[in-house]
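Topology and contacts: notes
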Amino acid sequence: MTDDTPPDDSGEAVSDEEVDEVLQEIERKRSLTGWAVVVVALIGIAFSVFQMWLAAKGFVLSISLPGVGDIVFASLQLLQINAVHVSFGLILTFLLYPGSTGDGPLSRRCIALGSLVDEKLGADHPVSRVVDAIGGALAWAFLDSEMDRVTPSDFVFIALSVLSAAYFITDFQEIQRMRALGVQRGRPIQEVFTFLEPVAGLLGPLADTSYAFVLGVLGVLLVLEATRRAISLWLMVIVAVFVVYARFGVLIPQDAAYVGVLSIPELSWPSIIQNLWYNTENGVFGIPVTVSVQFIYIFILFGAFLEMSGAGQWFIDLAYGATGTRKGGPAKASILASGFMGTISGSSIANTVTTGAFTIPLMKRSGYSPEFSGGVEASASSGGQILPPVMGAAAFLIVQYTATPFADVIVVATIPAIVFFFGVWVMVHFEAVKEDIGGLDPSELVDIRSHLRSGWFYLVPILLLLYYLIIERLSVARSAWFTLIAIGALITLVAAYGDETRTRLGAILGVLFGTSLLSQFLFGAGVLGALAGDGTGSQPLADAFSATVGNIGTLIILAGVLTLITRPRLDSPLLSFDGAVDDAAETTADAVGRPNLASNGLYKLGVFLGKSMESGARTAVPVVIAVAAAGIIPGVISVSGLGPNLVSLITAVAGGSLVLLLLVTAFSSIILGMGMPTTVTYIILVSLLAPALTEFGVPLLAAHLFILYFGVIADITPPVAVAAYAASGVAKSDAFQTGIEAFSLSLNKAIVPFAFIVTPGIILLRRVPEDPGYRVVQTADLLDIGYAIPEILIPVAGVFLGVVALAATVIGFAYAPVSRGERAAFAFSSLLLMAPGLAVSGTYDLLGLVGIGGGEMTVLLDVALRGVGLALFVFLMIKNRQRGGDPAAQAGTAEPA
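Residues numbered from 1 in each chain as written. Predicted model: local features only at pLDDT ≥ 70, side-chain atom pairs only at ≥ 80, totals over all residues. Heavy atoms only, no water.

1. Considerations on the overall build of the protein chain
- Across its full length, the protein chain carries 42 helices and 4 strands.
- The C-alpha radius of gyration computed for the protein chain amounts to 30 Å, which stays within 12% of the reference 29 Å derived for 897 residues, consistent with globular compactness.
- For the protein chain, buried positions account for 52% of its 897 residues.
- Contacts in the protein chain between residues far apart in sequence, at least 24 positions, make up 74% of those at least 6 positions apart.
- Total accessible area on the protein chain is roughly 37,800 Å²; 64% of this is exposed by carbon and sulfur atoms.
- On the protein chain, the mean spot of the 45 positive side-chain charges and the mean spot of the 69 negative ones are 2 Å from each other. (Helix = DSSP H or I, 4+ residues; strand = E, 2+ residues; numbered from the N terminus. Rg over C-alpha atoms; globule rule 2.2 N^0.38 Å. Buried < 20%, exposed > 50% of the residue type's maximum accessible area, 1.4 Å probe, protein only. Contact = heavy atoms within 4.5 Å. Areas by Shrake-Rupley, 256 points an atom, 1.4 Å probe, with all protein chains shown as cover. Lys, Arg positive; Asp, Glu negative; His and termini not counted. Charge placed at Lys NZ, Arg CZ, Asp CG, Glu CD.)

Structure below.
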């Protein structure tokens with residue numbers, strides 16, 4: 001760090017309270033206390049247990065007991081599982097998110113009406129009293145102005161959510177029958193609840209209406225209301241418009257210009273509700289929710305377990321230890337730390353706030369401006385959603401929508417993700433050189449070797465996950481489940497490890513392993529199974545050893561628990577739980593009147609498990625609601641038959657221009673994604689635009705990845721830029737300017753998708769000669785020099801060099817200040833290095849407008865243009881470096897980026 005940097009108290013660490021305030025302002029969650037906190041925790045833990053049970057046992061909810069066998073509680077169908085999953089999300093939404101805080105347009109008008117009546121008639125007038133009483137009743141039922149109480153209306157919504165899930169569980173045979181005969185053929189409400197028979201006449205039209213239809217209508221409305229609370233009013237309106245369109249799209253004249261293709265056949269409300277609520281192919285419980293059930297939730301839980309174990313802070317310290325002393329070290333460490341955290345959270349906002357609370361003050365203290373510091377953190381944090389192996393929820397949707405193995409998605413997404421982080425790294429380096437910003441003092445950082453020795457176990461779950469996914473090629477759900485077991489075993493082992501207990505821990509584990517091995521060898525079952533007589537007889541030693549190793553996670557957990565029982569006050573020298581775990585341990589211990597429990601190792605381990613499951617459920621709530629709501633849109637497209645007509649319309653608008661179609665897709669992704677989760681943007685645009693992209697010959701995986709990238713960019717694109725807004729709250733900077741900085745730093749994330757669309761080799765996709773499709777590159781392809789060099793090696797090298805040229809363009813500095821003309825030249829060289837095919841296609845499109853025929857982009861032309869870009873880039877860098885050695889040039893200031 002430079003010595004002439006003035007002290008700035010604004011670079012002080014951000015407190016947990018300030019971080020909570022920023023998250024509260026963005027997420028608008030309630031700050032619950034008392035019984036409500038307990039209820040949320042219990043429901044969240046139940047949600048996580050349900051999902052873990054599914055991951056372990058599949059759709060048969062059972063438990064195996066020695067001597068008894070398998071006890072089956074329920075054997076559920078996919079539709080039932082999805083319904084329970086969404087119901088958990090609805091219940092937690094109505095508990096965590098207020099329906100109204102009194103600052104909305106409707107609430108303000110109601111309050112203004114009451115004040116007007118009081119002013120005109122007087123507060124004591126009977127009419128004023130009636131109006132005030134009605135207003136007070138409505139406020140009691142719906143208003144949560146302090147965001148700290150669950151209102152009566154919330155309880156009604158929760159009861160309806162429970163009722164909906166219960167119907168799927170108890171009356172599934174009727175649902176199956178209605179899927180063939182129609183939802184209107186279901187029983188009316190008085191036949192479902194027989195105690196209503198005597199008052200059936202009072203039910204009015206409900207007495208003749210299918211109960212299933214009523215529940216379906218209420219269910220869709222509940223999802224819309226939950227969407228308004230947890231996501232945004234904008235998304236609720238979009239989804240509601242699609243529902244209305246499904247019913248009234250028939251009114252659009254088929255012969256109308258342009259919009260005639262949007263005309264659809266007439267659909268009745270029962271038909272719409274049946275397809276949107278009682279269907280696993282489309283609608284609320286369609287593919288997005290299925291992906292959430294099978295993949296997304298378990299990975300969110302994986303991240304929650306890692307975060308609560310203290311892995312987040314360990315990764316941040318590791319990043320600072322690795323790069324903190326370099327020029328501009330704090331910003332470079334922020335990039336690494338955000339990348340590490342992205343493998344855990346996959347959420348731009350959560351990543352920005354949790355990592356930024358530590359990284360942004362250090363960046364400011366080292367000399368970066370508050371806006372640039374916030375921009376770096378927001379840009380790098382948004383990259384967590386495109387960084388393998390976890391990538392965020394949208395990656396699992398890609399797996400489902402494209403029927404591609406997750407391992408292949410990881411392979412395809414790796415190079416562009418590395419390019420993005422490399423590009424941000426180069427930009428912050430150029431900024432550090434321009435502003436003469438140094439690194440941190442080594443005394444402020446951890447020693448890498450000792451840090452790795454003390455926290456190596458945090459890397460094991462991620463490495464295991466990659467092993468299961470890529471080497472063993474297990475399913476995503478099974479891989480995540482085995483990794484969760486590994487996390488639990490490792491944390492239990494480390495919690496029980498200490499100077500006083502390591503011998504005891506090793507001995508207990510050895511005894512348990514030996515006993516289990518002997519039992520497997522003699523009886524063909526574990527110890528408990530052998531005692532209960534469940535053994536299958538003796539088996540070879542190798543098989544017994546393999547079976548025992550397969551249960552090593554359980555044995556480690558048991559050994560750790562037994563050790564902690566014998567040493568309850570053990571203070572583990574290696575493990576440092578997240579602060580939320582320590583706070584929960586102290587709070588719950590005080591609540592039961594035994595504050596000493598907070599220092600009990602076994603008790604704290606139990607709190608860690610519970611807090612991880614609750615945190616996972618809280619994190620998953622907006623994702624569950626988002627995929628449930630967004631699933632309605634492809635549901636409407638499917639049931640209405642709109643899809644082919646929509647592709648024809650988009651193709652006609654694009655006028656045969658791939659470049660124009662890509663630009664339309666990019667801008668649509670950014671505009672639609674402003675203020676919305678990436679998963680929602682992805683689901684909507686994949687349904688609307690992906691078929692049109694593939695019609696142009698774009699590889700399916702490339703099209704989906706393109707849409708994902710621009711959905712992520714929306715998080716840091718002004719004027720909304722939710723991730724940048726979160727960063728500005730931590731950095732105490734101007735929100736709009738922080739968004740500008742974040743978007744500028746992420747420009748390579750906007751150009752790289754165009755590059756891999758026109759050159760699929762960048763993402764390791766190769767066209768199959770005998771088939772119009774593409775496949776992931778294999779070893780034989782890499783050894784094919786005639787293919788690998790011009791279509792993989794040269795384009796990938798070009799992309800990496802291109803982001804360096806782009807960095808000089810954005811920052812306005814490399815070795816010395818970059819003039820305006822040089823910036824334009826750097827930008828042109830960046831385009832030629834990264835995506836010459838885009839420039840050529842755009843040129844051909846423009847020539848076509850004036851009647852001049854275009855040509856075809858060949859591999860030879862691609863390589864030649866990259867060579868031109870390389871020559872221009874090298875010339876500019878040499879020229880700039882020569883100026884960088886000139887003291888007069890160094891004294892100059894660069895133009896604002």
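Structure's up, so let's keep going.
2. Comments concerning the packing of aromatic side chains
- Throughout the structure, instances matching the rule amount to 37 aromatic pairs.
- Between Tyr709 and Phe756, the aromatic rings sit 5.9 Å apart at their centres with planes inclined by 75°, giving edge-to-face as the arrangement. You can see Tyr709 sitting in helix α33 (residues 700-713) and its partner Phe756 sitting in helix α36 (residues 747-758), a full 47 residues away along the chain. For the pair formed by Tyr709 and Phe756, the shared burial category is buried.
- Ring centres 6.4 Å apart and planes at 70° place the aromatic pair Phe826 and Phe873 in the edge-to-face group. Of this pair, Phe826 sits in helix α39 (residues 820-834) while Phe873 sits in helix α41 (residues 859-884); the two residues are 47 residues apart in sequence, bridging distant segments of the chain. Note on accessibility: Phe826 and Phe873 belong to one class, buried.
- Joined through ring pairs, the aromatic side chains of Phe295, Phe299, Phe302, Phe396 and Phe406 make up one cluster.
- Over the aromatic face of Phe420 sits the side chain of Lys749, whose NZ or CZ is 4.3 Å from the ring centroid. (Phe/Tyr/Trp six-rings, centres within 6.5 Å; stacked < 30°, edge-to-face > 60°. Lys NZ or Arg CZ within 6 Å of the ring centre and 35° of its normal.)

3. Points about the nonpolar core
- Trp277, Tyr278, Phe299, Phe302, Leu705 and Phe756 are the most contacted members of the largest nonpolar core, which totals 255 residues.
- Once residues within four sequence positions are removed from consideration, Phe756 is found in contact with Pro416, Ala702, Leu705, Phe706, Ile762 and Ile763.
- With 8 residues, the next largest nonpolar core counts Ile316, Ala319, Ala337 and Leu362 among its residues. (Core = buried A, V, L, I, M, F, W, Y, C linked by side-chain atoms within 4.5 Å.)

4. Some points on a nonpolar patch on the surface
- Among the surface-exposed residues, Val244, Phe248, Val250, Leu251 and Trp269 lie close enough to one another that they form a single nonpolar patch of about 450 Å² accessible area.
- Here Phe248 shows up in helix α10 (residues 233-248). (Patch = residues over 30% accessible without salt bridge, like charges linked within 9 Å, V, L, I, M, F, W, Y side chains within 5 Å. Salt bridge = Lys/Arg side-chain N within 4 Å of Asp/Glu carboxyl O.)

5. Thoughts on the packing of helix α20 (residues 459-471) against helix α21 (residues 476-495)
- Following both chains from N to C, one finds α20 and α21 inclined at 155°, their axes separated by 9 Å at the closest point. It follows from the interaxial angle that α20 and α21 lie roughly antiparallel. Here α20 and α21 pass one another in a crossing that is right-handed. Between α20 and α21, the contacting residues are Val460, Pro461, Leu464, Leu465, Tyr468 and Leu469 on the first element and Val476, Ser479, Ala480, Phe482, Thr483, Ala486, Ile487 and Leu490 on the second.
- Along the lines of polarity and charge, the residues of the contact of α20 with α21 split into 12 nonpolar, 2 polar and no charged. (Axes fitted to C-alpha atoms, helices over the stretch in contact; angles between N-to-C directions. Parallel < 35°, antiparallel > 145°, perpendicular 65-115°, else oblique. Left-handed = near helix turned anticlockwise from the far one by under 90°. Nonpolar A, V, L, I, M, F, W, Y, C, P; charged D, E, K, R; others polar.)

6. Quick notes on the packing of α33 against α36
- At a minimum axis separation of 9 Å, α33 and α36 run at an interaxial angle of 170°. Comparing their axes, α36 and α33 come out roughly antiparallel. Facing α33, whose interface residues are Ala702, Ala703, Leu705, Phe706, Tyr709, Phe710, Val712 and Ile713, α36 presents Lys749, Ala750, Pro753, Phe754, Phe756 and Ile757.

7. What to know about the pattern of salt bridges
- For the coordinates displayed, the defined rule picks out 20 salt bridges.
- Note that Arg229 and Glu225 form a salt bridge whose closest N and O atoms lie 2.8 Å from each other. Highlighted residues: Arg229 and Glu225, both in helix α9 (residues 211-230), separated by 4 residues, approximately one helical turn.
- Salt-bridge contacts for Asp784 lead to Arg766; the nearest nitrogen and oxygen are separated by 3.3 Å. Here Arg766 lies in strand β3 (residues 765-767) and Asp784 lies in the loop between α37 (779-783) and α38 (785-811), a separation of 18 residues in the sequence.

8. Details of helix α30 (residues 658-673)
- If you check α30, its first and last C-alpha atoms are 22 Å apart, about what 16 residues at 1.5 Å a residue would give, namely 22 Å.
- Among the residues making up α30, those that are buried are Val659, Leu661, Leu662, Thr665, Ala666, Ser669, Ile670, Leu672 and Gly673.
- Immediately downstream of α30, the backbone of Gly675 shows phi near 80°, a positive value. (Expected span 1.5 Å × (residues − 1).)

9. Observations concerning the confidence of the model for the protein chain
- Confidence in the prediction of the protein chain, expressed as mean pLDDT, is 84, and 94% of residues score 70 or more.
- This stretch, residues 1-9, has a pLDDT under 50; its non-local contacts, to residues over four places away or in other chains, come to 11 contacts.
- Every residue in residues 888-897 is under pLDDT 50, and counting partners more than four places away or in other chains gives 19 contacts. (pLDDT = per-residue confidence, 0-100.)

10. Observations regarding α33
- Taking 1.5 Å of rise per residue, 14 residues should cover 20 Å, and α33 covers 20 Å from first to last C-alpha, within 8% of that figure.
- Across the 14 residues of α33, 13 count as buried, placing the element largely inside the fold.

11. Structural notes on unusual backbone geometry
- Backbone geometry places Lys732, a non-glycine residue, at a positive phi of 55°.
- Mapped onto the elements, Lys732 comes out in the loop between α34 (722-731) and α35 (735-745).
- With a relative accessible area of 55%, Lys732 lands in the exposed category.
- Even without being glycine, Leu764 reaches a positive phi, approximately 60°.

12. Regarding the side chain of Ser479
- By secondary structure assignment, the location of Ser479 is in helix α21.
- Every residue in contact with Ser479, bar those within four places of it in the chain, is listed here: Leu465, Tyr468, Leu469 and Leu474.

13. A few points about the environment of Ala530
- Mapped onto the fold, Ala530 is located in helix α23 (residues 527-531).
- Of the residues examined, Ala530 reaches a relative accessible area of 22% and is grouped as partly exposed.
- If we ignore the near neighbours within four places in the chain, the residues touching Ala530 are Ser519, Phe523 and Ala525.

14. A closer look at the environment of Val243
- Take Val243: it is sitting in helix α10.
- On the accessibility criterion, Val243 (11% relative accessible area) is buried.
- Linking Val243 and Tyr725, residues 482 residues apart in sequence, is a C-alpha distance of 32 Å.
- Among residues more than four places away in sequence, those in contact with Val243 are Trp269, Leu276, Ile632 and Val636.

15. Topic: the side chain of Gln520
- With respect to the element layout, Gln520 can be found in helix α22 (residues 502-523).
- Dropping the residues within four chain positions of it, Gln520 is found in contact with Ala525, Gly526, Gln539, Ala544, Ala547, Thr548 and Asn551.

16. Side note on the environment of Asn275
- Within the secondary structure, Asn275 sits in helix α11 (residues 269-277).
- In this structure, the C-alpha to C-alpha distance between Asn275 and Ile632, residues 357 residues apart in sequence, is 9.3 Å.
- Setting aside anything within four residues of it in sequence, one finds Asn275 in contact with Asn282, Gly283 and Val639.

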